[in-house]
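Architecture at a glance
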Amino acid sequence: MTWVYVAFSFGVIAFFVEMLLSYHREADRFKKEQQKARQAINAHSQAEIALQQQTRDTKTKIEELTKEKAQLEHDVNWNKTTLEELEEKEKRRSLSKHRLEAGEDA
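Reference entry: report on the structure contained in this document. Residue positions are counted from 1 within each chain, in the order its sequence is given. Only residues with pLDDT of 70 or above have their local features reported here, since the model is predicted, and side-chain atom pairs are shown and tallied only from 80 upward, although totals for entire chains, interfaces and linings are computed over all residues. Working from all heavy atoms in the structure, the side-chain values ignore hydrogens and water.

**Focus: the overall build of the protein**
What counts, and what does not: Where helices and strands are cited, they refer to DSSP runs of H or I of at least four residues and of E of at least two residues respectively, numbered from the N terminus. The cut-offs for exposure are 20% and 50% of the maximum accessible area for each residue type, with area from a 1.4 Å probe on protein chains only; residues under the lower value are buried, those over the upper are exposed, and the others partly exposed. Note on areas: Shrake-Rupley with a 1.4 Å probe; residue coverage comes only from the protein chains shown.
A tally of regular secondary structure across the protein gives two helices and zero strands. By residue count, 1% of the 106 residues in the protein fall in the buried class. Accessible area for the protein stands at about 10300 Å²; split by element, carbon and sulfur atoms hold 61% of it.

Written as structure tokens, this is what we have:
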């Protein structure tokens, strides 16, 4: 009868050893998957940081271009005003020419 207990004990020990080995295989598999997921997360976080930096750079560039545009619009408007004033002065200087132009239209 003791041989039955000894055989049963060896069977239980073998079962526990197999369970332990199975546990270790699953743990290793999960660790590999976890490592892949961590690498993907790190890659995404680095890409996000790079995009945030590009966004800041782009915003800065947009602000610079907006200021430049406003300055150019101011310059163009000033030049238009100056041109109109100069044309008006030219008309006043050469009244005879202006009268001739007005007379031709009539």
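**What about the pattern of salt bridges?**
Short version of the rule: The rule for a salt bridge is simple: a side-chain nitrogen of Lys or Arg has to be within 4 Å of a carboxyl oxygen of Asp or Glu.
If you walk through the whole model with that rule in mind, you get four salt bridges. Between R25 and E18 there is a salt bridge whose closest N-O contact spans 3.2 Å. Judged by relative accessible area, which is 49%, R25 ranks as partly exposed. A relative accessible area of 44% means that E18 is categorised as partly exposed. Measuring nitrogen to oxygen at the nearest pair gives 2.8 Å for the salt bridge that ties E33 to R29. Residue E33 and its partner R29 are both found in helix α1 (residues 2-93); the two are separated by four residues, about one turn of the helix.

**Remarks on the packing of aromatic side chains**
Note the cut-off: Ring pairs shown here join Phe, Tyr and Trp side chains whose ring centres sit within 6.5 Å, with only the six-membered ring taken for Trp; geometry is labelled stacked below 30 degrees between planes, edge-to-face above 60, and tilted in between. A ring is considered to have a charge above it if a Lys NZ or an Arg CZ atom is located within 6 Å of its centre and within 35 degrees of its normal.
Per the stated rule, a full pass over the model turns up one aromatic pair. Lying over the aromatic face of F30, R29 brings its terminal NZ or CZ to 4.6 Å of the ring centre.

**A few points about a negative patch on the surface**
Convention followed: Nonpolar side chains (Val, Leu, Ile, Met, Phe, Trp, Tyr) are joined into patches within 5 Å and like charges within 9 Å, using only residues with over 30% relative accessible area and no salt bridge. Neither His nor the chain termini are counted; the positive set is Lys and Arg, and the negative set is Asp and Glu. Every charge is mapped onto a representative atom, which is NZ of Lys, CZ of Arg, CG of Asp or CD of Glu.
Side chains of E84, E85, E87 and E88 sit close together on the surface and give a patch of like negative charge. Tracing the backbone through its elements, the reader meets E87 in helix α1.

**Notes on a nonpolar patch on the surface**
A contiguous nonpolar patch, built from V6, F10, I13, V17 and L21 and spanning about 470 Å² of accessible area, is present on the exposed surface. Within the secondary structure layout, V17 lies in helix α1.

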